Structures are given as C-alpha cells and as structure tokens.
Amino acid sequence: MTFPVSRPRRLRRTEVLRNFVRETRLTPEGFIYPLFVCAGEGVRKPIGSMPGVFNLSIDETVKECREVKSLGIPAVILFGLPEKKDEVATGAWADDGIVQKATRAIKAAVPGLMVIGDVCLCEYMSHGHCGIVLPAANPGGPKTVVTTGSAAAEAEKFAAEAFEIANDPTLDILAKTAVSQARAGMDIIAPSDMMDGRVGAIRTALDANGFANIPILSYAAKFASGFYGPFREAADSAPQFGDRRSYQMDPANFREAMKEMELDLAEGADMLMVKPALPYLDVIHAAYERFEVPIAAYQVSGEFAMIEAAAKNGWIDRDRVMLESLTSIQRAGASIILTYFAKDVAKILA
Ligand code: PBG
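Residues numbered from 1 in each chain as written. Predicted model: local features only at pLDDT ≥ 70, side-chain atom pairs only at ≥ 80, totals over all residues. Heavy atoms only, no water.

Draft legend 1. Local environment of unusual backbone geometry. Between F3 and the following residue, P4, the backbone shows a cis peptide bond with an omega angle of 10°. For P4, the location among the structural elements is in the segment before α1 (15–20). Backbone geometry places M194, a non-glycine residue, at a positive phi of 70°. Turning to its location among the elements, M194 is positioned in the loop between β8 (188–191) and α7 (198–208). Within the chain, D236 stands out as a residue other than glycine whose phi angle is a positive 50°. Relative to the elements of secondary structure, D236 occurs in the loop between α8 (229–234) and α9 (255–267). (Helix = DSSP H or I, 4+ residues; strand = E, 2+ residues; numbered from the N terminus.)

Draft legend 2. Highlighting helix α10 (residues 281–290). Taken residue by residue, α10 has V283, I284, A286 and A287 as its buried positions. Where α10 is buried, its residues contact β9 (217–222), α9, β10 (271–275), β11 (295–299) and α12 (318–332). (Buried < 20%, exposed > 50% of the residue type's maximum accessible area, 1.4 Å probe, protein only. Contact = heavy atoms within 4.5 Å.)

Draft legend 3. Examining the site of the ligand more closely. Taken together, 18 residues lie near the ligand, and R232, Q248, K275, S301 and Y340 sit nearest. Side-chain polar atom of Y340 to an oxygen atom of the ligand: 2.6 Å apart, as the coordinates give it. Protein chains bury 100% of the 400 Å² of accessible surface belonging to the ligand in isolation. Of the residues contributing to the shell around the ligand, the split by class is 10 nonpolar, three polar and five charged. (Near = heavy atom within 4 Å. Polar contact = N/O pair within 3.5 Å; in protein donor to acceptor, adjacent residues only side chain to side chain. Areas by Shrake-Rupley, 256 points an atom, 1.4 Å probe, with all protein chains shown as cover. Nonpolar A, V, L, I, M, F, W, Y, C, P; charged D, E, K, R; others polar.)

Below, the structure is given as structure tokens:
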C-alpha cells in the first residue's frame, strides 16, 4: 500500500500515539555506572575532560553507590587508581588492592547493588600497558615502513616495536586478578585487556576457586580507539610508550570483531561487550543478531566528553543528545549500557 492510503505520519500525530508505538524504551535497568576509586578519605577529585566524573576515595565511592542504587541503576563497574604501580601489576590482584577494598566496602554498605570488576592491568603497570612487557621475540622482524611523518616519529615507532605485550605470561596475572576480585565480592567479572585466551583462563581459575556462578562479561570487541582519551586521564592509565594497537582491534575490522566474539563465547563468556558504542553500532547490531547472549556496549569517555563539550558551547541540547545517543545504542541491540550519563538519565526517566 502506498500514499495516500499509507500515511506514516498518522502514528506521529500526538505525544500519546508516539509513546504508544515507540519500539525502544530506554530504562536504567540495563545501565552500568563507571567509578574511579582512589586512596585517601573524603577525596572527590574532578576529571578535567569529564565533567561530573571524579576520582573518589572509598568512603566517597560508597556514598556514590548509595545514590546510584536509589536511582534504580543496578550496577557499577570499578576502575582502580593504585598508590604504587610496578611491572607485574601487583595492585590489580592484591587482596588489599584498591578495587578489592572498595568492593568489600560497597557490598557491606549497599546490598543489592551489583559490583562489576574491570579486569585489566594498565592502571597498575608502571608502563601503562595491559600486559607484561617483554623485548620483542623477533626484533629483526618486519618493522613499520617509513612512509609519512617525521624521522623522530618513525624512530619512536621503531623503539616501541622493540617491545611486545606478551600474551601468555599475562594470562596468569589476569586470572589471579579475577579470582581476587571475586573473593572480594564482585558479582560479575569483565576482562578488558584483549589478550588472547583470557576468558578461558579466567573461567578456569574462577571455577577452580569456587566461583563457578560468577558470570563473565567480556569486552570482546574492544577497538584501539581515540575515544578513550579522557578515561586515561581519569584512570591515569596512558601507555608510557607505543600504543595499544598490537592487542586492541583495528577500527576498520568488522569480521574480525565477529571472530573475537565467537572465540570469547567458546571460552565461556556469558555476555559480550562492544566498545566504543556509537561509532560501532554496526558491530553491536550484528552481535545482537548472531549471538544468543546479552549484548553490552560501552559509551566511552570520549563519546561522553564530546557531548558535554558541545553542550557547554551551546551547540547542542545536552539532555536531548544524551538520550538520543543511548536510545540508538539500545536500538542497535545493546540491552546493557555502560555510561557516564547513567545517573542523569535515570533522574530524567524517573
Ligand atoms: C582498560 C580500559 C579502558 C577503558 C575501559 N577499560 C582504556 C583503554 O583501553 O585504554 C576505556 C573506557 C572509556 O574510555 O570510558 N584497558
């Protein structure tokens, strides 16, 4: 049937009708609110590039969690700022690590709020990489071809490629980290490091330590993205040399993202995450169609910062764009969304 019989505008005429036929209803029930926990007491240190986001000491984190729970948000994900960093990420797996201590405090003070552990080592490594750094296995191997850029930039690339982020030795540390987080009371384990085989290693270690019931939310398709910039300020986790392109995915690769997700499922992932969110809606949608598990998406720090910055300039309507971006992510297929907007959206929807 075509015009004039067919008139799509019939269903857009009134607010009640529009609400009635809405296909995607944004609710905070699938939200996860990220928190950055630091040492000290009464600390609430603003992050310059992320308005409204703070480094919080444990007491302040607990306060924040009370508010999060009261707004109907079911979960927080914790990132830790350790007092000391080293070459084996001790702060990530120590039983008295910052995240472990925060988890115990939250679980005691705010029962019913789920605490999710981001399992990664970059915040705890002196060099800021997500794994153990070793001299490259084949330093005589192929190097970056000099095409563009200054000689200094090329030299820097060359120096970075003299090292590798060693996959297999990192797995043990990740597994240890997951077990120590579970022991502290984490409800869900979320590995974000992008080492091969880490979901399997973590599943095996959790099961062997009596945590067979703790689900894994895998950052399965995590892209090497420029959108993580503000996070690295918030979590003090920028790599000191090189970048993350030897372990995080190439933004150009869709089919490889499907493969990453398939592998993580085969290794025992219970839920799959795509990250970032808005620039990767195609990946989210395909994941939703292909895999019969809950799909999560991380609206990352840069996505958040862009909206905040444009709004501050008066160039966009902040709340409207915030809701539209999250609705799009959910419409693409993500029923779980990690977002720095979680509290603001929950307040609007309440
Ligand atoms: C840790 C990690 C990162 C983010 C979440 N976990 C940063 C990175 O990979 O450099 C980014 C989240 C954000 O930008 O909001 N590896």
